[in-house]
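# Structural overview for review
For reference, the chains in residue letters:
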Amino acid sequence: QVQLVESGGGLVQPGGSLRLSCAASGSIISISVMAWYRQAPGKQRELVARRTSGGSTNYADSVKGRFTISRDNAKNTVYLQMNSLKPEDTADYYCNLALRPAGTNSMYDYWGQGTQVTVSS
């Protein structure tokens, strides 16, 4: 059974940095898309960053130049490096992977449990 486990959230001052991790466990044949979303209180969930297996990336305009999404294929892990954090980055962050579990011929969406990021002085 595939599971995603997130880590790395916490409280940070404005201008600080955090690195989120999302590790996928279980029998996985392939991962086509890795992404991070966030949801602030009272707001809809929004895409923060996305990376395909081919290496293409895209970012929300609000985080361009500050956040970087990367992956470690050997560990089935996706990272979100967040620099120059702002109070408006405060949200619950969720990883999302489109992957093919062993024993299947289809891609499925999996979500992490979420990790809270609070940017405040």
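Here we summarise the structure given alongside this text. (Residues numbered from 1 in each chain as written. Predicted model: local features only at pLDDT ≥ 70, side-chain atom pairs only at ≥ 80, totals over all residues. Heavy atoms only, no water.)

## Focus on unusual backbone geometry
Although it is not a glycine, Asn 76 adopts a positive phi angle of roughly 50°. Note on placement: Asn 76 falls in the loop between strand E7 (67-72) and strand E8 (77-82). Positive phi outside glycine occurs at Ser 84, with the angle close to 50°. With respect to the element layout, Ser 84 can be found in the loop between E8 and strand E9 (91-101). A relative accessible area of 41% means that Ser 84 is categorised as partly exposed. (Helix = DSSP H or I, 4+ residues; strand = E, 2+ residues; numbered from the N terminus. Buried < 20%, exposed > 50% of the residue type's maximum accessible area, 1.4 Å probe, protein only.)

## Some remarks on the sheet that holds E7
Pairing is antiparallel across the open sheet formed by four strands, whose spatial order is E1-E3-E8-E7. Two strands bound the open sheet, and with one partner strand each, they are strand E1 (3-7) and E7. When strand polarity is set aside, the average angle formed by the axes of neighbouring strands in this sheet is 15°. Of the strand pairs in this sheet, E1 and strand E3 (residues 18-25) are connected by five bridges, and their pairing is antiparallel. From the neighbouring strand, Val 5 faces E3, where its bridge partner is Ala 23. (Pairing = 2+ DSSP bridges. Axes fitted to C-alpha atoms, helices over the stretch in contact; angles between N-to-C directions.)

## Examining the state of the cysteines
Taken as a whole and assessed by the stated rule, the structure comprises one disulfide. Two residues, Cys 22 and Cys 95, share a disulfide whose sulfurs are 2.1 Å apart. Handedness of the Cys 22-Cys 95 disulfide follows from its S-S torsion of about 55°: it is right-handed. Taken as a pair, Cys 22 in strand E3 and Cys 95 in strand E9 lie far apart in primary sequence, 73 residues in all. With a relative accessible area of 0%, Cys 22 lands in the buried category. (Disulfide = S-S within 2.5 Å.)

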